[in-house]
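Fold and geometry: a report
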Amino acid sequence: MALVNCPECQHRVSDSAVTCPSCGHPLKMHAVPPQFLAWRPFEYKSKATLFGLPLVHIVSGPAWTLAGFKPAKGIIAVGPVAIGVLALGGVGLGGICLGGIGLGIISLGGLAVGLILALGGGALGYIAVGGLAVGVYSVGGLSIGVHTIYNDPEILEKIQRFFGFF
Ligand SMILES: [Zn+2]
C-alpha cells in the first residue's frame, strides 16, 4: 500500500482508497458504476460566506456515491442531502426545510419534522399540518395532538394568532 496525494486537497491518502477521506474527492473513477459517471456531479459553492458557511451551496448528482456522504452545507443549501438555514433537498436539515424528508424549525416535506411548524404528508411538530399530523396543535387527515380540529374548534384561529407573533 502506497500513499498518494489527493489531487483536490493534497491530503496523503492510500492508493487503494476509492475516495479521499479528507475531502471526499473521488480517487478511483473506475470503482464507480458507469451509470453514475454519466450523471456528472455538479457542485456550486458561493465565495461569500456567513458564519463560516458558504452563502449558497448546491450539490447535484451522485455526490454521495462518488464521495461518500457529501451533503450540501450552507446558509442556503440545495442538494440530495441539504443542511442549512434554508435547506432544499431530498433530505433537508435546517432552520427552514423543504424536502422529501424535512427536519427543521419550520419544515415542509413528504415527511416533515419541525420544531415549530411541520407541513407534510407525515408531519411532526409543535404545529403539525399533514395527512398524518402529530403535534401539540395538529391539523390533518389523521391528527394526534393536544389540540386537534376535532376537540378544539378554535384551533385554526389559535394557529393564526401564533403566526401573529412573528
Ligand atoms: Zn482530498
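Parameters and conventions
Residues numbered from 1 in each chain as written. Predicted model: local features only at pLDDT ≥ 70, side-chain atom pairs only at ≥ 80, totals over all residues. Helix = DSSP H or I, 4+ residues; strand = E, 2+ residues; numbered from the N terminus. Buried ≥ 20, exposed ≤ 12 C-beta atoms within 10 Å, placed from the backbone. Contact = placed C-beta atoms within 7 Å. Core = buried A, V, L, I, M, F, W, Y, C linked by C-beta atoms within 7 Å. Pairing = 2+ DSSP bridges.

Some remarks on the overall build of the protein chain
Helices and strands together make up the secondary structure of the protein chain, namely three helices and seven strands. Every one of the 166 residues in the protein chain was classed for burial, and the buried ones make up 37%. Restricting to contacts in the protein chain with at least 6 residues of sequence separation, those with at least 24 account for 6%.

Details of the environment of Phe 42
Here Phe 42 shows up in strand E3 (residues 42–45). Among the residues examined, Phe 42 registers 11 C-beta atoms within 10 Å and is labelled exposed. As for Phe 42 and Ser 60, which are separated by 18 residues in sequence, their C-alpha atoms are 5.0 Å apart.

So, the nonpolar core
Counting 29 residues, the largest nonpolar core has Ala 82, Ala 118 and Ala 123 as its most contacted members. At 28 residues, strand E7 (residues 72–148) tops the list of elements feeding residues into this core.

Details of the environment of Ser 107
Relative to the elements of secondary structure, Ser 107 occurs in strand E7. C-beta crowding within 10 Å serves as the criterion here: with 31 such atoms nearby, Ser 107 is assigned to the buried category. It is 9.3 Å that separates the C-alpha atoms of Ser 107 and Ala 87, two residues lying 20 residues apart in sequence.

Structural notes on the pairing of strand E6 (residues 56–60)
Side chains of E6 alternate between two faces, with His 57 and Val 59 buried and Val 56, Ile 58 and Ser 60 left unburied. Pairing of E3 with E6, which is carried by four bridges, proceeds in the antiparallel orientation. From the neighbouring strand, Lys 45 faces E6, where its bridge partner is His 57.

Quick look at the environment of Ile 83
Summarising the element assignment, Ile 83 is placed in strand E7. Judged by the 21 C-beta atoms lying within 10 Å of it, Ile 83 is buried. Sequence separation of Ile 83 and Ala 72 is 11 residues, and the distance between their C-alpha atoms is 6.0 Å. Ignoring anything within four residues of it in the chain, the contact list for Ile 83 reads Pro 71, Ala 72, Lys 73, Ala 77, Leu 93 and Gly 94.

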